[in-house]
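Notes for the structure review
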Amino acid sequence: MKASRLTHPAPHSRPTPDAAEADYQRYDVLPAGIVRVADGAIGAERLLVGAAGAPAFQGGEGTVAEGPAEAAAEASAHQPVRIAAFDFDGTSIHGNSPVTLVTYLGMRRRLSVGNMLLIGFWALAYKLRLPQNEAWVRARVFSAFKGKKVGKVNKYLWNFYDTEIDCRFRSSAAEAMQHHLDAGHAVVCVSASFEPIIAAAMRRHPIQYAIATRMKVTPQGAYLNRVLGKPIEGPAKLEALARFADERFGPGGWVLEAAYGDHHSDRAMLAAARHACAVCPDRPLGRTARERGYRVEDWEA
């Protein structure tokens, strides 16, 4: 899709949801080689050329890419694009990137003691599988970046990924992703983590597309500690994946060939796939995997 002309809202006016999206794209800052391919998705340029649904790129770093209408039409007329969807935290990497980020920020005194305590109580309730507000906790974490310029924050998070997270990326995940790419599948990472962290991972690993949680941006190009839309968590993962695939490949032009997840919140995405794989699953997902005959793999070994 082509980049649109964007304007600031009138002084003292309250931005509409469309304006919030425009502000985000106006100040979109992505690593070199990573481009925006849809409102809610990014792509690794090196993995898109010659792939199903490859865009015609316009401009340089971070440019919104033109939609693949011809490829989508061809996919619908002949064979649908087969998607392999990967969760990130606990599946593609060992551990949890937002939790690691909280510790990282706390040690550098970028999060207040009050926010650290509130996040800790939230994490305890999460472990007990109590209902939680996913947007609320992400807002607490991003309070460390409220009012900071998008470019500066994103570069900080890319560095955080490079120094703290990349060493956790599982070789088995990279091998599975590459296997799907070699088979001609579209590899999509669908993650509740923050988009700049996932964008950093895409530079180093065979992740073709990614859908992740984004935060709101002011008309002046500074982050707010509020989620843009919904966090990409639980059933919202499948919803976001379907929206992206319909936009990218056309309705009816794709199928969810495979899905990989580790947590019971990944159940909806795994249930929608032709082939589901539970990776080092928690107990609830392990039970579901046994009941439904999902493949179970230990990527810790």
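Cut-offs applied
Residues numbered from 1 in each chain as written. Predicted model: local features only at pLDDT ≥ 70, side-chain atom pairs only at ≥ 80, totals over all residues. Heavy atoms only, no water. Helix = DSSP H or I, 4+ residues; strand = E, 2+ residues; numbered from the N terminus. Buried < 20%, exposed > 50% of the residue type's maximum accessible area, 1.4 Å probe, protein only. Contact = heavy atoms within 4.5 Å. Lys, Arg positive; Asp, Glu negative; His and termini not counted. Salt bridge = Lys/Arg side-chain N within 4 Å of Asp/Glu carboxyl O. Polar contact = N/O pair within 3.5 Å; in protein donor to acceptor, adjacent residues only side chain to side chain. Pairing = 2+ DSSP bridges. Core = buried A, V, L, I, M, F, W, Y, C linked by side-chain atoms within 4.5 Å. Patch = residues over 30% accessible without salt bridge, like charges linked within 9 Å, V, L, I, M, F, W, Y side chains within 5 Å. Areas by Shrake-Rupley, 256 points an atom, 1.4 Å probe, with all protein chains shown as cover. Charge placed at Lys NZ, Arg CZ, Asp CG, Glu CD. Axes fitted to C-alpha atoms, helices over the stretch in contact; angles between N-to-C directions. Expected span 1.5 Å × (residues − 1). Arc of directions from axis to C-beta. pLDDT = per-residue confidence, 0-100. Phe/Tyr/Trp six-rings, centres within 6.5 Å; stacked < 30°, edge-to-face > 60°. Lys NZ or Arg CZ within 6 Å of the ring centre and 35° of its normal.

Check the secondary structure of the protein chain and you find 12 helices and 10 strands. Counting across all 301 residues of the protein chain, residues that qualify as buried make up 53%. In the protein chain, the proportion of contacts linking residues at least 24 apart, taken out of those at least 6 apart, comes to 64%.

Turning to the side chain of Asp262, a few remarks are in order. Locating Asp262 in the fold gives a position in the loop between strand S8 (254-261) and helix H11 (267-271). One buried charge, Asp262, has no salt-bridge partner; the nearest side chain with opposite charge is Lys237, at 6.2 Å. A distance of 3.1 Å separates polar atoms of two side chains, one belonging to Asp262 and the other to Thr91. Sequence-distant contacts of Asp262, defined by excluding residues within four places in its chain, comprise Asp87, Asp89, Gly90, Thr91, Val279, Cys280, Pro281, Asp282 and Leu285.

The buried fraction of strand S7 (residues 223-227) amounts to four of the five residues, a majority that puts the element mostly inside the structure. Linking two consecutive strands that pair antiparallel, namely strand S6 (residues 215-217) and S7, is a turn of five residues; a positive phi of about 85 degrees is found at Gly221 within it.

This part takes up the nonpolar core. Generally speaking, a soluble globular protein has its nonpolar side chains buried in company with each other. Core analysis: the largest hydrophobic core is formed by 54 residues, its most contacted members being Phe88, Leu101 and Phe169. When residues in this core are grouped by element, the largest group, eight residues, is from helix H7 (residues 150-165). Beyond its immediate stretch of four places on either side in the chain, Leu101 contacts Val141, Leu157, Phe160, Phe194 and Ile197. One finds Val81, Ala85, Val190 and Trp254 within the second-largest nonpolar core, a separate group that totals 30 residues.

On the surface, Arg267, Arg283, Arg287, Arg290 and Arg292 cluster together to form a positively charged patch. Broken down by element, the positive patch gets its largest block of residues, four residues, from helix H12 (residues 283-292). In this structure, Arg283 sits in helix H12. On the basis of relative accessibility, which here comes to 69%, the residue Arg283 falls in the exposed class.

Before going further, it helps to spend a moment on the sheet that holds strand S5 (residues 209-213). Sheet strands associate in pairs through backbone hydrogen bonding, adopting either a parallel or an antiparallel arrangement. Strand order in this open sheet of eight strands is S1-S2-S5-S4-S3-S8-S9-S10, and the pairing throughout is mixed. For this open sheet the edge positions go to strand S1 (34-38) and strand S10 (295-297), each flanked by a neighbour on one side alone. When the angles between neighbouring strand axes are averaged without regard to direction, this sheet yields 30 degrees. Strand direction decides the pairing type here: strand S3 (residues 81-86) and S8, joined by six bridges, are parallel. Paired with Phe86 across the strands is Tyr260, a residue of S8.

Quick look at helix H10 (residues 235-249) now. For H10, spanning 15 residues, the distance from its first C-alpha to its last is 21 Å, which sits close to the expected 21 Å at 1.5 Å a residue. Here H10 has its buried residues at Ala236, Lys237, Ala240, Leu241, Phe244, Ala245, Arg248 and Phe249. The buried residues of H10 occupy one face: seen down the axis, they fall within an arc of 165 degrees. In H10, the exposed positions that point more than 90 degrees away from the buried face belong to Pro235 and Arg243. Following H10 by one or two positions, Gly250 adopts a phi angle in the positive range, close to 90 degrees.

Okay, the confidence of the model for the protein chain next. The share of residues in the protein chain with pLDDT of 70 or more is 78%, and the mean pLDDT across the chain is 84. Low confidence marks residues 1-17, where pLDDT is under 50. Its contacts with residues over four positions away, or in another chain, come to 18 contacts. Confidence over residues 53-76 falls short of pLDDT 50; this stretch has 54 contacts with residues more than four positions distant or in other chains.

Moving on to the packing of aromatic side chains. Tallying each qualifying case throughout the model produces 12 aromatic pairs. Taken together, a centroid distance of 6.0 Å and an interplanar angle of 65 degrees make the contact between Tyr104 and Tyr156 edge-to-face. One end of the pair, Tyr104, is in helix H4 (residues 97-107); the other, Tyr156, is in helix H7, and 52 residues separate them in sequence. Site record: aromatic cluster; members linked through ring pairs are Tyr104, Phe142, Phe145, Tyr156, Phe160, Phe194 and Tyr223. The positively charged end of Arg108 is found above the aromatic ring belonging to Tyr104, 3.7 Å away from the centroid.

Once that is clear, we can look at the pattern of salt bridges. Here the structure, examined in full by the defined rule, presents 13 salt bridges. Among the salt bridges present, the one from Glu233 reaches Arg138, with a minimum N-O distance of 3.9 Å. Of the two residues, Glu233 is situated in the loop between S7 and H10 and Arg138 in helix H6 (residues 134-141); the sequence distance between them amounts to 95 residues. In this structure Arg138 comes out as buried when scored by relative accessible area, which is 8%.

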